[in-house]
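These are the residues of each chain, in order.
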Amino acid sequence: MYYISTRDASLRYTASEAIVQGLSRDGGLFLPASIPQLTRQDLEALAGMTYQQRAVAVMKLYLEEFSSEELADYAARAYAVPAKFDDAAVTPIFSAHDKTHFLELWHGPTCAFKDMALQMLPHLLTASLRKTGEEKTVCILVATSGDTGKAALEGFCDVERTKILVFYPKDGVSEIQQLQMVTQGGKNVGVCAVEGNFDDAQTGVKRIFSDEVLRSQLAKSGYFLSSANSINWGRVLPQIVYYVSAYCELVRQGKLKLGDTLNYCVPTGNFGNILAGCYAKRMGVPVGKLLCASNANNVLTDFIRTGVYDRNRPFYNTISPSMDILISSNLERLLYLLSGSDEAVKGYMRALQETGRYEVSPAIRAAVQESFLCGCCGDARTLNTIGQVFRHSRYLMDTHTAVAYTALMDHRAATGDDTPTVVVSTASPFKFCDSVLTALGVQELRGGVDIIEQLEEVSGCAAPAPLRALRGRAVRFRDAASKEAMAGQVAAMLR
Ligand SMILES: *Cc1c(COP(=O)(O)O)cnc(C)c1O
């Protein structure tokens, strides 16, 4: 098993090289040169395992130079119950009825699905540093629109030979998300607000990455820069696990017969989560279609329908902010999987860079439609779905999950398709209290952490402990920097 770049398939990398480098030097993304296969017997065996054991079995197939013992140690620590996750199943499934299941990926320390990968990545990364002989300390820079920042801080907190610095847009995250970040503990962490929006923070980080002077200064003091964004294969791989696991779990529970087709419906932004589902399908899990759900930023819906990717359109700030994105980086990996051609991918990415648009060949468009369904909905329908489902079944969902569920209802109404489907639930509703309370018809919202209690009272559901614990936590980080001053923050942290 070796890895290649989507833009140059001629060079071979080991898994640990791919994880340490993050992004290939040619600008492409790393991916495995072949996809390991799961047989019927493998799936049967997986059905009898715990989540942690499934993680070892699946990840081992992609990580040749890691032993099962090493991976078992990482899985035990990353997915520890109750130290890290508050449910014995790690990723419990709520079955609304026999054809609709919610896979809850938000029982980890930061209450969003990013924990599934960012609890594992630090173990994979520090081991990869050892395996590649890299002796410098890694400094992880993150620009976040909310969920990634906190999940990365929690994952890398006090991990040896790592430092992490998170930049978030000063007025672009929810109050709860901001509190989660500025109260973060740990000796190796830093958090800084950026004056501006998410794009300003992201541009600032990219500028730091390409600042050769800063890089060589850092190298002299024993540091190198890396990223915890979903372009890193070390973030995609742990996500494949829960697609395999959920199928096996439904079989174990007797809700599915081994071999039955199962669809997945995924609220999508950067295409990292749903791409992992695509890998599970290609490994041989009987996945039918992957329904790619978007909010008003529906660039992917149009792409799947027409084969034209066009980011030249207005950007909307929605109530599902983690899906507010017009450049879905991980789509590049899908284009390589479907075309098998680094030249084709390079051409599409050049067109995207130069014109903001590309159109795939009819063959690739057909291949996309073979595996993917799509749908989108705006904020009003998202709120309506949250309210309706809660009134009907007392099941409380967050705004991102509600986008996905709405897209699934639309698809079923339009086609009559009744394939059993897992809706991938990506965040706790308590991370987005204001929108969820609005959906439940509440007009006067309390401020600060009081809003968490308000949602508990209105819904009768208990908030996750890490969010309840925000009350009374001391603010550790108050720095705010202009985009230009971000490099100075990095230098200051590493002095
Ligand atoms: C990040 C995120 C998404 C989007 O996931 P991608 O991998 O970027 O497609 C959806 N929902 C929530 C709550 C998120 O944090």
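Here the structure is a predicted model, which means the values were calculated and not measured.

Scoring rules and cut-offs
Residues numbered from 1 in each chain as written. Predicted model: local features only at pLDDT ≥ 70, side-chain atom pairs only at ≥ 80, totals over all residues. Heavy atoms only, no water. Axes fitted to C-alpha atoms, helices over the stretch in contact; angles between N-to-C directions. Helix = DSSP H or I, 4+ residues; strand = E, 2+ residues; numbered from the N terminus. Parallel < 35°, antiparallel > 145°, perpendicular 65-115°, else oblique. Contact = heavy atoms within 4.5 Å. Nonpolar A, V, L, I, M, F, W, Y, C, P; charged D, E, K, R; others polar. Buried < 20%, exposed > 50% of the residue type's maximum accessible area, 1.4 Å probe, protein only. Polar contact = N/O pair within 3.5 Å; in protein donor to acceptor, adjacent residues only side chain to side chain. Near = heavy atom within 4 Å. Areas by Shrake-Rupley, 256 points an atom, 1.4 Å probe, with all protein chains shown as cover. Pairing = 2+ DSSP bridges. Salt bridge = Lys/Arg side-chain N within 4 Å of Asp/Glu carboxyl O.

Engineer: Would you mind going over the packing of helix α2 (residues 40-47) against helix α11 (residues 233-252) with me for this structure?
Structural biologist: Helix-helix packing: each pair is described by the crossing angle between the helix axes and the interaxial distance. It is at 8 Å that the axes of α2 and α11 come closest, and there the two elements cross at 75 degrees. Classed by the angle they form, the pair α2 and α11 counts as roughly perpendicular. Counted together, Leu-43, Leu-46 and Ala-47 of α2 and Val-244, Cys-248 and Arg-252 of α11 form the full contact between these two elements. By residue class, the composition of the contact of α2 with α11 is 5 nonpolar, no polar and 1 charged.

Engineer: Even after reading the chapter, I still don't get the side chain of Asn-232, so can you show me in this structure?
Structural biologist: Checked against the element boundaries, Asn-232 lands in the loop between β9 (223-227) and α11. A residue is classified by how much of its surface remains accessible, and Asn-232, at 2% relative accessible area, is buried. Among the polar contacts made by the side chain of Asn-232, one reaches the main-chain amide nitrogen of Gly-234 at a distance of 2.8 Å. Those residues in contact with Asn-232 that sit more than four places away from it in its chain are Ala-18, Ile-19, Gly-22, Leu-121, Ser-227 and Arg-333.

Engineer: What's the story with the site of the ligand in this structure? I'm lost.
Structural biologist: By nearness alone, 15 residues border the ligand, and Lys-114, Asp-147, Gly-269, Asn-270 and Thr-426 come closest of all. A distance of 2.7 Å is found between an oxygen atom of the ligand and a backbone nitrogen or oxygen belonging to Asn-270. Protein burial of the ligand: of its 390 Å² of free accessible surface, 96% is covered by the chains. Along the lines of polarity and charge, the residues of the shell around the ligand split into 5 nonpolar, 8 polar and 2 charged.

Engineer: Is there a simple way to think about the pairing of β9 in this case?
Structural biologist: Extensive coverage of β9 is indicated by the burial of 5 of its 5 residues. The side-chain alternation of β9 yields two buried faces, one formed by Tyr-223, Leu-225 and Ser-227 and the other by Phe-224 and Ser-226. Sheet topology note: the strand β6 (residues 137-143)/β9 ladder contains 5 bridges and is parallel. If you follow Cys-139 over to β9, its bridge partner there is Leu-225.

Engineer: How should I be thinking about the sheet that holds strand β4 (residues 93-97) in this particular structure?
Structural biologist: Within a sheet, neighbouring strands are paired by backbone hydrogen bonds and run either parallel or antiparallel to one another. Read across the open sheet, the 6 strands follow the order β4-β5-β15-β10-β11-β14; overall the sheet is mixed. Looking at which strands have only one partner, the edges of the open sheet turn out to be β4 and β14 (372-376). Taking the axes of each pair of neighbouring strands and ignoring which way they run, one obtains an average angle of 25 degrees across the sheet. Relative to strand β11 (residues 287-294), strand β10 (residues 262-267) is paired through 5 bridges, and the arrangement is parallel. Each bridged residue has a counterpart across the sheet, and for Pro-267 the counterpart in β11 is Ala-293. Lying on the sheet, helix α13 (residues 299-306) is in contact with β11 and β14; it crosses β14 at an angle near 140 degrees.

Engineer: Hey, could you run me through the pattern of salt bridges in this one?
Structural biologist: Any two side chains of opposite charge can pair, given that their charged atoms come close. According to the stated counting rule, one finds 18 salt bridges in the structure shown. The partner of Glu-332 in a salt bridge is Arg-7, with the nearest N and O atoms 2.7 Å apart. One end of the pair, Glu-332, is in helix α14 (residues 331-339); the other, Arg-7, is in the loop between β1 (3-5) and β2 (8-13), and 325 residues separate them in sequence. Using a relative accessible area of 5% as the deciding quantity, one classes Glu-332 as buried. Residues joined in a network through salt bridges with shared partners are Arg-54, Glu-249 and Arg-252.

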